[in-house]
Amino acid sequence: MLHRYPKRVAYIMLALTALVATFPLWGVAVFGSQANFMLEKLTLMLILALFAMSLDLLVGIVGLVSLGHALFFGLGAYTLALASPDFSPASMWWMLPLVIGVSACVGLIVGILVIRTKGIFFIMTTLAFGQMLYYFISTSQFAGGTDGVFIMFRPSLAIGDTTLVDLDNSYSFFYFCLGMLLVGYLFLRWLTRSYFGQVLDGIHDNEHRMQALGYATSGYKLIAFVIAGVMAAIAGMLAAMQYGFANPAQLGWHTSGEVLMMLILGGMGTIFGPILGAFAYEILLFVYEHATTHWPILMGLTIIVAVLVLPRGIAGVMIAPPWQRKRTTVSSNEDETKQASSVSAQPAAQSKGD
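Residues numbered from 1 in each chain as written. Predicted model: local features only at pLDDT ≥ 70, side-chain atom pairs only at ≥ 80, totals over all residues. Heavy atoms only, no water.

**Focus: the overall build of the protein chain**
Piece 1. Assigned secondary structure in the protein chain consists of 15 helices and four strands.
Piece 2. If you line up the protein chain on its principal axes, its C-alpha atoms span 100 × 55 × 45 Å.
Piece 3. Across the protein chain, every contact between residues at least 6 apart in sequence was considered, and the portion connecting residues at least 24 apart equals 76%.
Piece 4. Entry remark: accessible area of the protein chain is about 18,300 Å², with carbon and sulfur atoms responsible for 67%.
Piece 5. Each charge class in the protein chain can be summarised by its mean position, and for the 17 positive and 17 negative side chains these summaries are 14 Å apart. (Helix = DSSP H or I, 4+ residues; strand = E, 2+ residues; numbered from the N terminus. Contact = heavy atoms within 4.5 Å. Areas by Shrake-Rupley, 256 points an atom, 1.4 Å probe, with all protein chains shown as cover. Lys, Arg positive; Asp, Glu negative; His and termini not counted. Charge placed at Lys NZ, Arg CZ, Asp CG, Glu CD.)

Structure below.
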C-alpha cells in the first residue's frame, strides 16, 4: 500500500498549495466583497483537511474504521475553551502542549480498550465512546450544556511583548492553519515511510502474519490510535479558535461520519487524498446548500456515485488516470496475445524441421 506516486501527483499538489497560499492576493479580485467570507471557508477547509488526515492514519494506513473520531476533535475544542482565561488570551506555548497531552492521555485510555476489538466491533466501540463523551458534555453545566462554551480571546503566539503571529488577524490565522496542515502532512508522510509505518502497512495487509513474525501488533495500533487522536484534537482546537466556541456537535457521530465521507471522497491510504476530499466535500456542501434545502439528498447521491465511479477517490484519479489505465490494459493485452502466438507457433516450427 505504501508506494511512491508519480511525479505529477507532487506537481499537482504543489500547484494547489500555491493556489491556496496566494488566496489573499487574488481573492478580492475574484470574490469581491465576499473575499473575507471565502477566506473563512478556506481556513475551515484547511482545519478539516488536518482532521481528515488524522483519520486516514487509522482507516487508510492501519485499516481501523472509526466512527468516534470526533471524540478527539471535540476534546481539543473543549480543552481550549475550558482552559482559556476569561479576560485575557491564553499562550499558545502552553495551550498547544496541553491539548496534545490531554488528547494523548484520553487516546491512550480509550485505545487500550477499543484496540482489543476488530471489524464491526471496533466501529461500534469507538462510536460508543464518542457518544458517551457527547452526552456527558451536553448535560454538564461546567461545559455549557447544549449551548457550549464561548472563547473570548484567541490564544496568543508571542515571546515576551513581541507578537510572532497575530492570530486575531484572519489572514495570519489562515497562514497559521496552512502551516499546521503542512506540518501534519510532512509528519504523516515521514511516519508512513518509516519502519513504524511499514509495520502498520503490514498490519493492514495481514495482521496474523505480522504476529507470526513476532510483532506486537496491538502496541503498534495503539500508538497509531493515539497519534491520530492528537492530530484530530489539534484540528479541533483550531476550529474552536476560528469560530470562538466549543459545541457538543463537534463531538457527535455526525461529525465523525462527515470526516469519513471526506476520506472516502478523497482517497484512503494516500495521506494527500483526505486533503482533497475535505476541500471537495466543503465545496460541494457550499454549492448544494445554496442550491436547495434538500442538499443532504444531493450530498448522499454524490458520495454514492463517487464510491461507484471513483473507488480510490480523487487521489486514485491523480495516481492512475483512466486514460492511462486503459492504455496500460491495451498494451498488456497485446503482450499476452504476442506471447500466446509465439508459444502456439513453436510446435509448428518444430514439426516442419522434423
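**Considerations on the pattern of salt bridges**
Piece 1. Scanning the model with the defined rule gives three salt bridges in all.
Piece 2. When the shortest N-O distance is used, the salt bridge between Glu282 and Lys41 registers 3.5 Å. Here the residue Glu282 occupies a position in helix H12 (residues 273-291), and Lys41 occupies one in helix H3 (residues 35-62), the gap between them amounting to 241 residues.
Piece 3. Because the salt bridges share partners, they merge into one network encompassing Lys118, Glu207 and Lys221. (Salt bridge = Lys/Arg side-chain N within 4 Å of Asp/Glu carboxyl O.)

**Quick look at the environment of Gly111**
Piece 1. Turning to its location among the elements, Gly111 is positioned in helix H5 (residues 92-114).
Piece 2. Judged by relative accessible area, Gly111 falls into the buried class, the value being 0%.
Piece 3. Each C-alpha atom of the pair Gly111 and Gly219 lies 9.9 Å from the other, and the pair is 108 residues apart in sequence.
Piece 4. When residues no more than four places from it in sequence are discounted, the contact partners of Gly111 are Leu222 and Phe225. (Buried < 20%, exposed > 50% of the residue type's maximum accessible area, 1.4 Å probe, protein only.)

**Let's talk about helix H8 (residues 195-205)**
Piece 1. Restricting attention to buried positions, one finds in H8 the residues Phe196, Gly197, Val199, Leu200, Asp201, Gly202 and Ile203.
Piece 2. Looking at the buried residues of H8, the elements they touch are H3, helix H7 (170-192), helix H9 (207-212) and helix H10 (217-243).

**Let's talk about the confidence of the model for the protein chain**
Piece 1. Per-residue pLDDT for the protein chain has a mean of 88; in total, 91% of the residues score no lower than 70.
Piece 2. Here residues 348-354 is a poorly scored stretch, pLDDT under 50, and it has zero contacts once near neighbours within four places are set aside; other chains count. (pLDDT = per-residue confidence, 0-100.)

**Considerations on the nonpolar core**
Where a protein is soluble and globular, its nonpolar side chains tend to be buried together.
Piece 1. The biggest cluster of nonpolar side chains holds 92 residues, and the ones touching the most others in it are Leu200, Met237 and Leu238.
Piece 2. Ranked by residue count, the leading element in this core is H3, at 19 residues.
Piece 3. Dropping the residues within four chain positions of it, Met237 is found in contact with Gly76, Ala77, Leu80, Met92, Met95, Leu96 and Val99.
Piece 4. Ranked by size, the runner-up nonpolar core spans seven residues in total, among them Val9, Met13, Ala315 and Met318. (Core = buried A, V, L, I, M, F, W, Y, C linked by side-chain atoms within 4.5 Å.)

**With respect to a nonpolar patch on the surface**
Piece 1. On the surface, Ile297, Leu298, Leu301, Ile304, Val305, Leu308 and Val309 cluster together into a nonpolar patch covering about 680 Å² of accessible area.
Piece 2. For Leu308, a relative accessible area of 68% gives the class exposed. (Patch = residues over 30% accessible without salt bridge, like charges linked within 9 Å, V, L, I, M, F, W, Y side chains within 5 Å.)

**Concerning the packing of H3 against H12**
Piece 1. Two numbers describe how H3 lies on H12: the axes approach to 8 Å, and their chain directions differ by 135°. Classified by the interaxial angle, the pair formed by H3 and H12 is oblique. Two packed elements cross with a definite hand, and for H3 against H12 that hand is right-handed. Contacts between H3 and H12 involve Phe37, Lys41, Leu42, Leu44, Met45, Leu46, Leu48, Ala49, Ala52, Met53 and Asp56 from the former and Pro274, Ile275, Ala278, Phe279, Glu282, Ile283 and Phe286 from the latter.
Piece 2. Split by residue class, the contact of H3 with H12 holds 15 nonpolar, no polar and three charged. (Axes fitted to C-alpha atoms, helices over the stretch in contact; angles between N-to-C directions. Parallel < 35°, antiparallel > 145°, perpendicular 65-115°, else oblique. Left-handed = near helix turned anticlockwise from the far one by under 90°. Nonpolar A, V, L, I, M, F, W, Y, C, P; charged D, E, K, R; others polar.)

**Details of the packing of aromatic side chains**
Piece 1. Evaluation of the coordinates by the stated rule reveals 16 aromatic pairs.
Piece 2. Taken together, a centroid distance of 6.2 Å and an interplanar angle of 70° make the contact between Tyr215 and Tyr220 edge-to-face.
Piece 3. You can call Tyr220 buried: its relative accessible area is 19%. (Phe/Tyr/Trp six-rings, centres within 6.5 Å; stacked < 30°, edge-to-face > 60°.)

**Quick word on the environment of Gly145**
Piece 1. Structurally, Gly145 is set in the loop between helix H6 (120-138) and strand E1 (149-150).
Piece 2. Spatially, the C-alpha atom of Gly145 lies 9.2 Å from that of Tyr135, the residues being ten residues apart in sequence.
Piece 3. In contact with Gly145, other than residues within four places in its own chain, are Tyr78, Ile137, Ser138, Ser140 and Pro248.

**Comments concerning the environment of Phe173**
Piece 1. By the element assignment, Phe173 lies in helix H7.
Piece 2. Among the residues examined, Phe173 registers a relative accessible area of 2% and is labelled buried.
Piece 3. C-alpha separation for the pair Phe173 and Pro311, spaced 138 residues apart in sequence, amounts to 35 Å.
Piece 4. In this structure, Phe173 is in contact with Thr43, Arg154, Asp166, Leu167, Leu238, Met241 and Gln242, ignoring residues within four places of it in sequence.

**A word on the pairing of strand E3 (residues 162-165)**
Piece 1. In the sheet, strand E2 (residues 157-159) pairs with E3 via three bridges, with the strands oriented antiparallel. Across the sheet, residue Ile159 finds its bridge partner in E3, namely Thr162.
Piece 2. Hairpin connection of E2 to E3: two residues between the antiparallel strands, including Gly160 at a positive phi of 65°. (Pairing = 2+ DSSP bridges.)

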